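Descriptive structure summary
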Amino acid sequence: MARKRSNYVAIFAVLATAAVAFSLLQSLIIPAIPQLESTLHTSESAASWLLTAYLLSAAVATPVLGRVGDILGKERVIVAVLVALSVGSLIAGLATTLPVMLVGRVIQGVGGAVFPLSFGIIRDEFPAERVAGAIGVMSAILGAGAGAGIVLAGPILVHLDYHWLYWIPLIMSVGATIATYLFVPESPVRAPGRINWLGAALMSAWLVTGLLAITYAPTWGWGNPTVLTLFGATAILLAIWVVAESRSASPLVDMKMMRIPAVWSTNLAALLFGFGMFAMFIVLPQFTETPTHVGYGFGASVTASGLYLAPFAGAMVIFAPMTGRLTALIGSKMVLVLGSLFAASSYLVLVIEHSVEGVVYLATGLLGIGIALGFASMSNLIIEAVPVEQTGVATGMNTNIRNIGAALGSGIATSLIIGSLLPDGYPKETGYVLAFIVSGAGLVVAALVALLIPGRRASAGRRRDPHPALTAEAEAIVGAIAVGPEDLA
């Protein structure tokens, strides 16, 4: 018997649970790296691969599986993705050696495709007026989960053990897998064509070389021959990929789509937004854990340092549901401008004053508001600009570009901090201040680029011609007016 296509609350709850599971896995491991070095009897550089392997896997899987979902069906692919996320979490949770845990982390990275697939399902299944609000909350989960992971890691390590860093997301991903199969209907929209495996291989190659260069540049030096070689290889592979995709009859990523003014300008803003926003997660815990005798910092424990990001997670939860209504009032473009400026103000606050704990809480709260607005608006801008059958790959590429910016911004911030050390081995306070300035500047430029994004051609109330495969209730989502998630029932 056919499954009903009208229970929007159930569909959204299932997708949100899957998104939270992936988001937690993205950051729970960060505060645990020092402990895992000792527990797994490995070095700091080797343990850092627990982050790098996950990042590389997610970078490749997000756009590729987004495209596969567009072609084969989003519900079918997201179930497979959640199975992989669960298997990876199980392997990593059982691991007692670094190689086994790395295998688990690579498999977990496949879960990055949850977001573009979820965006596509929402666009296919929700009525037009409910899409932007749902996309806004789903987008914000990625940022909120990252912040919540850092907050929760300390208590988990203190009161349980590192295995629970994986068991908790595992429980969520298993539940989401079963619920997705039961409650999420298969997509009525399919993209024509076949999967371009050459395009996937070339894109994977330039993503891996580029992210490896960015990851190791702060430690090896940006002028290191190996780093420069990796950057050179990235440029060559990227050029080959663009040519191959342009000539392909069935490209993985349609270059014509990527050249749409609203798409390329949103992607450029996403790169700069990512550049500025993610440094807070890397820099701030180090700053707050610095002993007070150094002349700055608060001497916080791992658990306490995570709590400084609690206002970030709280702001995301509060403001994410508002993005739909705000989008309806002023448009996704201006929401992105506001988000960029709110996020930039968080760094401005820290540049002016970072010796008072209350000010740090204020700064992380402002960043939470900015990311809630920014993530939601970028996803909606992409969805408004591309054909419905390209939702998965387009939003996947936007997420990837933002993540590339985040990796680059974090790498540069780390380089600024470790560029000069005090006699006792701690970074100078000026290194942190410079990192705050550079990150904030990136977000200001993101706001300026966002102003270049063209407005929607159709008014908020107009409907676009539906894709032939769309059902009546799913058509014309691009022209949607958003409402909050309280109206998803």
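Everything quoted here is computed from the prediction, not taken from an experiment. Within any chain, residue numbers begin from 1 and follow the written order of that chain's sequence. Given that the model is predicted, a residue must reach a pLDDT of at least 70 before its local features are reported, and side-chain atom pairs must reach 80 or more before they are shown or counted; all residues, however, enter totals for whole chains, interfaces and linings. No hydrogens and no water enter the side-chain calculation; it runs on all heavy atoms of the structure.

1. Concerning the overall build of the protein chain
Per the convention used, a helix needs a DSSP run of H or I reaching at least four residues, while a strand needs a run of E reaching at least two, with both numbered from the N terminus. Of the regular secondary structure elements, the protein chain holds 21 helices and 0 strands. We take the radius of gyration over the C-alpha atoms and set the globule estimate at 2.2 Å times the residue count to the 0.38 power. A compact globule built from 489 residues would reach a C-alpha radius of gyration of about 23 Å, and the protein chain, at 21 Å, matches this within 12%. In terms of overall dimensions, the protein chain has a C-alpha envelope of 70 × 45 × 45 Å along the principal axes. Should any heavy atoms of two residues lie within 4.5 Å, those residues are considered in contact. A sequence separation of at least 24 residues applies to 82% of the contacts in the protein chain between residues at least 6 apart. The charged-residue count follows a simple rule in which Lys and Arg add positive charge and Asp and Glu add negative charge, with His and chain termini not counted at all. Think of each charge as sitting on NZ of Lys, CZ of Arg, CG of Asp or CD of Glu. Charged side chains of the protein chain number 23 positive and 23 negative; the gap between the two group centres comes to 12 Å.

2. Quick notes on the pattern of salt bridges
Note on definitions: salt bridges are taken to be side-chain nitrogens of Lys or Arg within 4 Å of carboxyl oxygens of Asp or Glu. Counted under the stated rule, the structure contains 1 salt bridge. One salt bridge in this structure joins aspartate 124 and lysine 74, with 2.9 Å as the shortest N-O distance. With aspartate 124 in helix H7 (residues 114–125) and lysine 74 in helix H5 (residues 74–94), this residue pair connects regions lying 50 residues apart in the sequence. Neither aspartate 124 nor lysine 74 differs from the other in exposure class; each is buried. Working definition: with a 1.4 Å probe on protein chains only, accessible area under 20% of the residue-type maximum means buried, over 50% means exposed, and in between means partly exposed.

3. Concerning the packing of helix H20 (residues 391–418) against helix H21 (residues 429–450)
For helices, the fitted line uses only the C-alpha atoms of the stretch in contact; every axis is such a line through C-alpha atoms, and the angle between N-to-C directions lies from 0 to 180 degrees. The contact between H20 and H21 brings their axes to 7 Å, and the two run at 155 degrees. By the criterion of interaxial angle, the relationship of H20 to H21 is roughly antiparallel. Read as a crossing pair, H20 and H21 show a hand that is right-handed. Only Gly431, Tyr432, Leu434, Ala435 and Val438 of H21 make contact with H20, whose side of the interface consists of Ile412, Ala413, Leu416 and Ile417. Class assignment for the residues of the contact of H20 with H21 results in 8 nonpolar, 1 polar and no charged. Here the word oblique covers every angle except those under 35 degrees (roughly parallel), over 145 (roughly antiparallel) and from 65 to 115 (roughly perpendicular). Two helices that cross are described as forming a left-handed crossing if the nearer one is turned anticlockwise from the farther one by less than a right angle, and a right-handed crossing if clockwise. For this scheme, ten residues count as nonpolar: Ala, Val, Leu, Ile, Met, Phe, Trp, Tyr, Cys and Pro. Four count as charged, namely Asp, Glu, Lys and Arg, and the remainder, Gly too, count as polar.

4. Topic: the packing of aromatic side chains
Each aromatic pair joins two rings of Phe, Tyr and Trp (for Trp, the six-membered one) with centres within 6.5 Å, and gets the label stacked for planes under 30 degrees apart, edge-to-face for over 60, and tilted for any other angle. Going through the model one piece at a time under the given rule, you end up with 16 aromatic pairs. Judged by centre distance (4.6 Å) and plane angle (20 degrees), the rings of tyrosine 216 and tryptophan 220 are stacked. Here tyrosine 216 and its partner tryptophan 220 are both found in helix H10 (residues 197–220), 4 residues apart, which amounts to about one turn of the helix. Between the aromatic rings of phenylalanine 287 and phenylalanine 436, the centroid separation amounts to 6.4 Å while the plane-to-plane angle is 65 degrees, which identifies the pairing as edge-to-face. Of this pair, phenylalanine 287 sits in helix H14 (residues 279–289) while phenylalanine 436 sits in helix H21, and the two are 149 residues apart along the sequence. For the pair formed by phenylalanine 287 and phenylalanine 436, the shared burial category is buried.

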